[in-house]
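Working through the structure, step by step
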Amino acid sequence: MRALRCVLITTFLSWCALSGHAVAKSSSAYSYATDNLANIAAVIGLDKIAPEAAAVSDTVLFFDLGGKPARADVRRGLVRHIGYRVFPDAERSLATLPVFDFLERFALEQELPIEQPNVIERDKVRFTGIKASELPSLFSRQLPFTVSTEEFKDYRLCWTASDGRKMEVVVPISYNLLNGSELPENERRLIADLSSPAVLSHPDLPVERTVGKENLEATPKLNCYVLRGSRFFTEYINSDRYYQNNTDSLAAAFRVLDNEAYPAESISNMLSGLDIPNDIEVQLKMIAYPMEKKIFTIPLRQMVAYFLSQGCEIYTGLTGIDNQKADYVMIGRNDRRGYCHSLKISVPISAINEKKGRATAKITPYIPLPKILNMFAE
């Protein structure tokens, strides 16, 4: 262990002298999902460990660090995870929980001479019957374990040893903590990701499914049916989707509602899914840290695709409508990572028929879900 730390410290100091930055800005062949991952990679020498894999868009690298098995996950050309191996591959393939990446990265970070992000939140990670330094040993032991969550608050992981002894780790469900990043970086990367057309071809986008009448409820409006979704703490902000009888086609009985006679429902469908092709643009305003106004314009479908690709469920709530425009609250909620994006968005009614036009929106990103829960509980 001491030898590994000495090697890593030497590597780190040499890298700092060459780069002159606290955050890696080297000529690495890899790109990284967070600044913290870039720092980790620079210290362990990922370029030297697996230089040939940098040209591969999607791969998992397995290697050894100081006698412990480690891994790095590359997805769509970005290194998205580096850490000691803790969890069995079979479990990882069944449940892609962010807490798996966090604990594997956490175990490695303890041994690296780098400034660790989220110090206050990291102190809230609780270990019972096991130390952070012992996490890598769990991979070879292949002990049975369980993962549970307390609503919006914690991941609770529990391993059972052969002698019945319990080992437990409790991790707060916090985007910053799980992602290994801070708000300024999150906002910077959010703007870049929202502005990238590549998100429209993201492999994690949900596949639109055919809906039968047995899944729908009739509404008081003629030929307007609703597929009930979830509620965002109130009945009026929901993930409902709207359909109408598709009399023009024998292929499907119902299709997504897209009709100016139903403006509130049609625009709600545009905001919550990708099954209505359009060229609507959104002028998006964000007050970024520290109180810096950012205004940029992106395609509506690109924004929706980004939320969906990140595992967010999209909720909408109509707040006002007239002959010119419809106003909504729009929420992108990610329970697994403990945050939501909140938007106030106005869409011109003419965009329903014309499939173009300019919407305006203001986004407040990465609101911790516990804060929302507490607000509605009061």
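Right, let's walk through the structure included here.

Conventions and cut-offs
- Residues numbered from 1 in each chain as written.
- Predicted model: local features only at pLDDT ≥ 70, side-chain atom pairs only at ≥ 80, totals over all residues.
- Heavy atoms only, no water.
- Helix = DSSP H or I, 4+ residues; strand = E, 2+ residues; numbered from the N terminus.
- Buried < 20%, exposed > 50% of the residue type's maximum accessible area, 1.4 Å probe, protein only.
- Contact = heavy atoms within 4.5 Å.
- Pairing = 2+ DSSP bridges.
- Axes fitted to C-alpha atoms, helices over the stretch in contact; angles between N-to-C directions.
- Phe/Tyr/Trp six-rings, centres within 6.5 Å; stacked < 30°, edge-to-face > 60°.
- Lys NZ or Arg CZ within 6 Å of the ring centre and 35° of its normal.
- Core = buried A, V, L, I, M, F, W, Y, C linked by side-chain atoms within 4.5 Å.

This brings us to the overall build of the protein chain. Scanning the protein chain from terminus to terminus reveals 13 helices and 18 strands. Going through the 378 residues of the protein chain one by one, you find that 49% of them count as buried. Sequence separation of at least 24 residues holds for 54% of the intrachain contacts in the protein chain that already meet a minimum separation of 6.

Another point: the sheet that holds strand S14 (residues 292–299). Read from one edge of the open sheet, 6 strands run S14-S13-S18-S17-S16-S15, paired in mixed fashion. A single partner strand is all that each edge strand has here, and the edge strands are S14 and strand S15 (313–321). Taking the axes of each pair of neighbouring strands and ignoring which way they run, one obtains an average angle of 20° across the sheet. Relative to strand S17 (residues 339–348), strand S16 (residues 325–334) runs antiparallel, the two being bridged by 10 bridges. The partner of Ile331 across the bridge, within S17, is Ser342. Sitting on the sheet, helix H9 (residues 183–194) is in contact with strand S13 (279–288), S14, S17 and strand S18 (356–368), with an inclination near 170° to S13.

This next bit is on the sheet that holds strand S2 (residues 59–65). Two orientations exist for strands paired in a sheet by backbone hydrogen bonds: parallel and antiparallel. Read from one edge of the open sheet, 4 strands run S1-S4-S3-S2, paired in mixed fashion. The sheet is open, and its two edges are formed by strand S1 (31–32) and S2, each paired on a single side. With 7 bridges joining them, S2 and strand S3 (residues 68–75) adopt antiparallel strand pairing. In the sheet register, Leu61 faces S3, and the bridge partner there is Ala72. With respect to the sheet, helix H5 (residues 98–109) is in contact with S2, S3 and strand S4 (78–84), its orientation differing from that of S4 by roughly 60°.

On to the packing of aromatic side chains. To describe a pair of aromatic rings, one takes the distance between the centres and the angle between the planes. Scanning the model with the defined rule gives 16 aromatic pairs in all. An aromatic cluster is present here, built from Phe87, Phe100, Phe145 and Trp159 joined pairwise through their rings. The cationic tip of Arg333 hangs over the ring face of Phe233; the distance from NZ or CZ to the ring centre is 5.5 Å.

Okay, the pairing of S4 next. Summarising burial for S4: 5 of the 7 residues are buried, a large majority. Summarising the sheet, S1 and S4 pair through 2 bridges and their orientation is parallel. Within the sheet, the bridge partner assigned to Tyr32 lies in S4 and is Val79. In this sheet, S4 lies alongside S3 in antiparallel orientation, the contact comprising 6 bridges. Residue Ala70 lies in a different strand from S4, and its bridge partner there is Tyr84.

So, about the nonpolar core. Ranked by size, the top nonpolar core spans 50 residues in total, and within it Tyr30, Leu46, Ile82, Val99, Leu103, Trp159 and Val171 carry the most contacts. Among the elements that line this core, the one with the most residues is H5, at 7 residues. In this structure Val171 touches Val99, Phe102, Leu103, Val125, Lys153, Asp154, Tyr155, Leu177 and Leu178, once residues within four positions along its chain are discounted. In this structure, Tyr175, Phe254, Phe307 and Leu343 belong to the second largest nonpolar core, which totals 49 residues.

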